[in-house]
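Topology and contacts: notes
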Amino acid sequence: QQSMEFPRYRDSSRSDVFAWEQILREFSNHIRFHDGESLSIWNQLLFEGSHGCVGLLSQWLRSTLAAMQSEGANRFSYELLLANRLSPTQDVALLNEILAGERHSFHQTLTYTANNDNPDSHLPEKAKRRGKAFKPKSTRRPAGGRV
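Residues numbered from 1 in each chain as written. Predicted model: local features only at pLDDT ≥ 70, side-chain atom pairs only at ≥ 80, totals over all residues. Heavy atoms only, no water.

**Thoughts on helix α2 (residues 43-50)**
The cut-off we apply is this: Only protein chains enter the calculation, and the probe is 1.4 Å; a residue is then buried if its accessible area is under 20% of its type maximum, exposed if over 50%, and partly exposed in between. Counting from the N terminus, the helices are DSSP H or I runs at least four residues long and the strands are E runs at least two residues long.
Among all positions in α2, only Leu 45, Leu 46, Phe 47, Gly 49 and Ser 50 are buried. Where α2 terminates, the next one or two residues include His 51, which has phi positive at roughly 55°.

**Quick notes on the nonpolar core**
Put simply, the rule is: Side-chain atoms within 4.5 Å are what join buried Ala, Val, Leu, Ile, Met, Phe, Trp, Tyr and Cys residues into a set we call a nonpolar core. Any two residues whose heavy atoms approach within 4.5 Å at even a single point are treated as in contact.
Counting residues in hydrophobic clusters, the biggest one holds 21 residues, and the most contacted among them are Leu 39, Leu 46, Phe 76 and Leu 81. Within the residue set of this core, elements represented by two or more residues are α1 (14-28), α2, α3 (54-70) and α4 (78-83). With six residues, the top contributor of residues to this core is α3. Setting aside anything within four residues of it in sequence, one finds Leu 46 in contact with Trp 20, Leu 24, Leu 39, Leu 57, Trp 60, Leu 61 and Leu 81.

**Structural notes on the environment of Gln 44**
Using the following cut-off: The term polar contact refers here to a pair of N or O atoms within 3.5 Å; inside protein, the definition further demands a hydrogen-donor-capable atom paired with an acceptor-capable atom, and it admits residues adjacent in sequence only when both atoms are side-chain atoms.
Relative to the helices and strands, Gln 44 resides in helix α2. A residue is classified by how much of its surface remains accessible, and Gln 44, at 48% relative accessible area, is partly exposed. Along the backbone, Gln 44 and Asp 11 are 33 residues apart, and their C-alpha atoms lie at a distance of 9.6 Å. Of note is the side chain of Gln 44, whose polar atom sits 2.8 Å from the side chain of Glu 48.

**Structural notes on the packing of aromatic side chains**
Describing an aromatic ring pair means giving the distance of the ring centres and the angle of the ring planes. The following threshold applies: To pair, rings of Phe, Tyr and Trp, with the six-membered ring standing in for Trp, must have centres within 6.5 Å; the planes then decide the type, stacked if under 30 degrees apart, edge-to-face if over 60, and tilted in the middle.
Taken as a whole and judged by the stated rule, the model has six aromatic pairs. For the ring pair Trp 42 and Tyr 78, a centre distance of 6.0 Å and an interplane angle of 40° mean the geometry is tilted. Of this pair, Trp 42 sits in the loop between α1 and α2 while Tyr 78 sits in helix α4; the two residues are 36 residues apart in sequence, bridging distant segments of the chain. Each residue in the set Phe 33, Trp 42, Phe 76 and Tyr 78 is aromatic and connected to the rest through ring pairs, giving one cluster.

**Some thoughts on the pattern of salt bridges**
To keep it simple, the criterion reads: Only one rule defines a salt bridge in this text: a Lys or Arg side-chain nitrogen within 4 Å of an Asp or Glu carboxyl oxygen.
According to the stated counting rule, one finds three salt bridges in the structure shown. Arg 25 is paired through a salt bridge with Glu 21; the nearest N and O atoms lie 3.6 Å apart. In this pair, Arg 25 and Glu 21 are both assigned in helix α1, four residues apart and thus about one turn of the helix distant. Overall, Arg 25 belongs to the partly exposed group, its relative accessible area being 47%. A relative accessible area of 15% places Glu 21 in the buried class. Salt bridges sharing partners connect three or more residues here, namely Arg 8, Arg 10 and Glu 102.

**What about the environment of Ser 50?**
Within the fold, Ser 50 resides in helix α2. For the pair Ser 50 and Trp 60, spaced 10 residues apart in sequence, the C-alpha to C-alpha distance is 7.7 Å. Contact partners of Ser 50, with chain neighbours within four places excluded, come to Trp 20, Leu 56, Leu 57 and Trp 60.

Written out as structure tokens, the structure is:
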């Protein structure tokens, strides 16, 4: 399990499509290809296979690079990329987790927005902070006691 730190890219957003292409170009700068190839030519496959998540894209590319090294291949290829794609079962399970996480995150955002007068209102009672972090409650200590 890995947590995602930022929202995934959407193919319905022009700025997201542009940013995705820039990400592929940056990754391509660090990979050896056959002449005229780059990750950009597999843009759609990479987007669909990673569900628009840069973390999943990075994981897929690292897995492919590891397979490339173990097989002694000296160039990144479409065949290696496909061979290291998640199985359909894993892919569906992962997408379901992503969608559930997005729904949960959306719900928390709505809860926080509705209760914006108290930023801790969406937290369970035990999770709410009492005082300053890493500061012990002030208590009276006996004379000569440890501080």
